[in-house]
Amino acid sequence: MALLELNQVGKAFGSEGTETMALDGIDLSLEQGGFLAVVGPSGCGKSTLLQIAAGLMRADRGTVKLSGEPVTSPPPHVVYVFQQYSKSLFPWRTVLANVEFALEGRSGIGRTERRDRSRSLLELVDLQDFAGHYPWQLSGGMQQRVAIARALAADARLLLMDEPFSALDALTRLDLQKLLLDLWATRNLSILFVTHDVDEAVYLADWVAVLTHRPARVHEIIDVALPRPRDPITTREQDRFLKLRHDLLSQLMKRKNSHA
Amino acid sequence: MRRWLAQLAPGVVVLALLLWGIEEAVNYGLVKRSLMPAPSDIGLVLWDLFADGEVAGPLSETLARLGIGFAIGAALAIVMGLAMGYWPRLYALFEPLVELLRPIPKAALVPPLVLFLGVDNAMKITSVALAVFFPVLINTVQGARGVDPVLINTARTLGVGSFSLLRKVILPASAPFICAGIRLSIALGLILAVISEMIAGTGGIGFLIIDMQRAFRIRQMYAWIVILAVVGYLLNVLLVVAEQRILFWYRTAQRT
């Protein structure tokens, strides 16, 4: 059984009569421990798809199942990581308190344990020296690290990532991609990763789903089949990487032009 | 410190010139001394009031009414404002009522409140609470409705229930608006405390002002008005300092 299963998911926006279809019969599934990237032209409804998967938005049609159970509200152990890191952190809380937020209100975790766990997670994302800082005192890459540490604190099994690195500069992005792959491998995470960056999708994922322009459908799903562990430099030089990148980009650009 | 003084200096000069102008106008008979005593005379009365320990009683009476009324009004307004901001149905239910009651100058409600609650503290505290309630409510609703959905969705996927969401996310995120409402409302609260004391009962600064006026003790009347001005000023300073502490994250976070 797949961990996450989207079946014929459809969603329209706007009032009756002037509706625009955002998603039209999306079928996707993610295995336990899998890494699925979703690419598509901007504005094709990728975020909508992810929010439906997170239980933050209801689909008009179709079903979303997590471990076989229908998703109707945000399920535990599924954490959404937003592109707008500066808006998803609590500016009145320190970095440490932001991470602790995910552990508060959980029975059986005392104050000291909460603090200790959060500290060790900050260490994991290399922010142990910034525990007492406030998010707005950190760079964008560091803020997104805090968001990732907080997701881990929530004991995330499934990460739903909405273009999490697209607002970062190129080097920081490579850094965070590497961090994410490390965490994914060591902590038995499953990841659904939405991006418009083909390079990023191929580099990170096992599978890349290509969406069509609005209304979004799954055009095809590509098996990346690049060896792991992946290297930020050499993986991108492999023939297979270049070929996949070429195919995906030409597909997306063709679609874009036909709609421009 | 020096910069602070430099900023303050021009305003102090204007104030000093104004006082000096009134003083001279009174001394030269341009203004009737019986209507507007010289500032130096008022100063002497103030000195006597403080020296005889006559300030603390009425002042604490008025401040207690203001404080209790403010606490009740603000607390109710924040709770209701957060709920209305978060649940659209609750907003739809109460918004027309609020919009209808809000424009009534709350001073106009003191006479009917006297009918229901008499002339004692219950009426005065209720008057203050009513005056405080609406600005805080409106601001809290506005703040709560404006919280970034990214922040709310983040908290929800981290497994936060409605009550915790309101308390730990929406309340602090609305704090800038709530603080603005509170600063607005403390001035209104003071007005209502004084007016309700003027209309009914005996005691408090409001009562003294009208009592001195009726007794033609004009210098005393002005002295109490000066005390009120200082109280209003200090309350505002207090709130500004408290606000800067509570909202330390706000302006800096906005810039980035």
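The rules we used
Residues numbered from 1 in each chain as written. Chains lettered and ligands numbered in written order. Predicted model: local features only at pLDDT ≥ 70, side-chain atom pairs only at ≥ 80, totals over all residues. Helix = DSSP H or I, 4+ residues; strand = E, 2+ residues; numbered from the N terminus. Contact = placed C-beta atoms within 7 Å. Pairing = 2+ DSSP bridges. Axes fitted to C-alpha atoms, helices over the stretch in contact; angles between N-to-C directions. Nonpolar A, V, L, I, M, F, W, Y, C, P; charged D, E, K, R; others polar. pLDDT = per-residue confidence, 0-100. Domains from an automatic or database assignment. Expected span 1.5 Å × (residues − 1). Bend = angle between axes of the 7 residues up to and from the residue. Buried ≥ 20, exposed ≤ 12 C-beta atoms within 10 Å, placed from the backbone. Left-handed = near helix turned anticlockwise from the far one by under 90°.

Peer 1: Hey, could you run me through the overall build of chain B in this one?
Peer 2: Helix and strand counts for chain B come out as 11 helices and zero strands. When the helices and strands of chain B are listed from N to C terminus, the series reads α-α-α-α-α-α-α-α-α-α-α. Over its C-alpha atoms, taken along the principal directions, chain B stretches across nearly 75 × 55 × 30 Å. The contacts in chain B between residues at least 6 apart in sequence include a share of 73% that link residues at least 24 apart.

Peer 1: Even after reading the chapter, I still don't get the sheet that holds strand β6 (residues 78-81) of chain A, so can you show me in this structure?
Peer 2: Note: strands within a sheet are paired through backbone hydrogen bonds, in either parallel or antiparallel orientation. All names here are of chain A. Strand order across the open sheet formed by six strands is β6-β7-β8-β3-β9-β10, with mixed pairing between neighbours. Two strands in the sheet have a free side with no partner beyond their single neighbour: β6 and β10 (218-223). When strand polarity is set aside, the average angle formed by the axes of neighbouring strands in this sheet is 15°. Note that strand β7 (residues 158-162) and strand β8 (residues 190-195) share five bridges and pair parallel. Residue L159 lies in a different strand from β8, and its bridge partner there is I191.

Peer 1: Help me understand the environment of L66 of chain A in this model?
Peer 2: Residue and element names in this part refer to chain A. As for its position among the elements, L66 is in strand β4 (residues 61-66). Each C-alpha atom of the pair L66 and N98 lies 27 Å from the other, and the pair is 32 residues apart in sequence. Once residues within four sequence positions are removed from consideration, L66 is found in contact with L3, L4, V71, P75 and V78.

Peer 1: Where do I start with the environment of E69 of chain A in this structure?
Peer 2: Assignment of secondary structure puts E69 of chain A in strand β5 (residues 69-70). Each C-alpha atom, one on E69 of chain A and one on P229 of chain A, is 32 Å from the other, the two residues being 160 residues apart in sequence.

Peer 1: Help me understand the interface of chain A and chain B, please; the structure alone is not making it clear to me.
Peer 2: Much of the literature gives interface size as the accessible area that the parts lose upon coming together. Taken together, the 20 residues of chain A in the interface contact 15 residues of chain B. Going through the elements one at a time, β6 and α2 (85-88) of chain A are the ones with two or more residues in the side of chain A that touches chain B. Tallied by class, the residues present in the side of chain A that touches chain B amount to 15 nonpolar, four polar and one charged.

Peer 1: Is there a simple way to think about the sheet that holds strand β2 (residues 20-30) of chain A in this case?
Peer 2: Residues and elements named next belong to chain A. Reading across from one edge, β2-β1-β4-β5 is the order of the four strands in this open sheet, with antiparallel pairing throughout. Either end of the sheet is taken by a strand with one partner, and the two such strands are β2 and β5. Across the sheet, helix α1 (residues 46-53) is in contact with β1 (4-13), β2 and β4; its angle to β1 comes to roughly 125°.

Peer 1: Hey, could you run me through unusual backbone geometry in this one?
Peer 2: For residues besides glycine, phi is generally negative; the peptide bonds are generally trans as well. All names here are of chain A. A cis amide bond links R228 with the next residue in sequence, P229, at an omega value of -5°. Residue placement: P229 occurs in the loop between β10 and α8 (239-259). The phi torsion at Q8 lies on the positive side, around 55°, for a residue other than glycine. As for its position among the elements, Q8 is in strand β1. Here H77, not a glycine, exhibits a phi torsion of approximately 70°, which is positive. Along the chain, the position of H77 falls in the loop between β5 and β6.

Peer 1: Looking at this structure, how should I read the confidence of the model for chain B?
Peer 2: Do not read the predicted coordinates in detail wherever pLDDT is low. Mean pLDDT for chain B: 93, with 98% of residues reaching 70 or above. Across chain B, helix α3 (residues 56-86) of chain B holds the top mean pLDDT of 97, while helix α11 (residues 250-255) of chain B sits lowest at 66.

Peer 1: Looking at this structure, I do not really get the domain arrangement of chain A. What am I missing?
Peer 2: All names here are of chain A. You can read the domains of chain A as domain 1 (1-77 + 166-260) and domain 2 (91-156). Here domain 1 and domain 2 have C-alpha centroids that lie 26 Å from each other. Facing nine residues of domain 1, the contacting portion of domain 2 comprises seven residues. Residues that form the side of domain 1 that touches domain 2 fall into these classes: five nonpolar, two polar and two charged.

Peer 1: Can you help me understand helix α6 (residues 121-145) of chain B in this one?
Peer 2: Because each turn of an α-helix spans 3.6 residues, side chains separated by three or four positions in sequence point in the same direction. All names here are of chain B. Here α6 is 25 residues long and its end C-alpha atoms lie 35 Å apart, about the 36 Å a rise of 1.5 Å per residue gives. When the local axis directions of α6 are compared, the greatest deviation, roughly 25°, occurs at F133, which is followed within four positions by the proline P135. In terms of burial, α6 is largely enclosed, as 21 of its 25 residues are buried.

Peer 1: Looking at this model, I keep getting lost on the pairing of β2 of chain A. Mind explaining?
Peer 2: Taken residue by residue, a regular strand's side chains alternate between the two faces of the sheet. Residues and elements named next belong to chain A. Looking at chain direction, β1 and β2 are connected through seven bridges and run antiparallel. Among the inter-strand pairings, F13 is bridged to a residue of β2, identified as T20. What sits between the antiparallel neighbours β1 and β2 is a turn of six residues, in which G14 has the positive phi angle 95°.

Peer 1: Could you clarify how one ought to interpret the packing of α3 of chain B against helix α8 (residues 162-199) of chain B in this entry?
Peer 2: All names here are of chain B. Across the interface, α3 lies against α8 with an axial gap of 8 Å and an inter-helix angle of 145°. Considering the relative orientation of α3 and α8, their crossing is right-handed. Within the contact between the two elements, α3 uses T62, R65, L66, G69, F70, A74, I78, L82, G85 and Y86 and α8 uses L166, I170, L171, I178, I182, S185, I186, G189, L190, A193 and E197. A class-by-class count of the residues in the contact of α3 with α8 yields 14 nonpolar, five polar and two charged.

Peer 1: So what exactly am I meant to see when it comes to the environment of E197 of chain B here?
Peer 2: Residues and elements named next belong to chain B. Considering the arrangement of structural elements, one finds E197 in helix α8. By C-beta crowding, E197 is classed as buried, having 26 other C-beta atoms within 10 Å. Excluding residues that lie within four positions of it along the chain, E197 makes contacts with T62, K124, G204, I205, G206 and F207.

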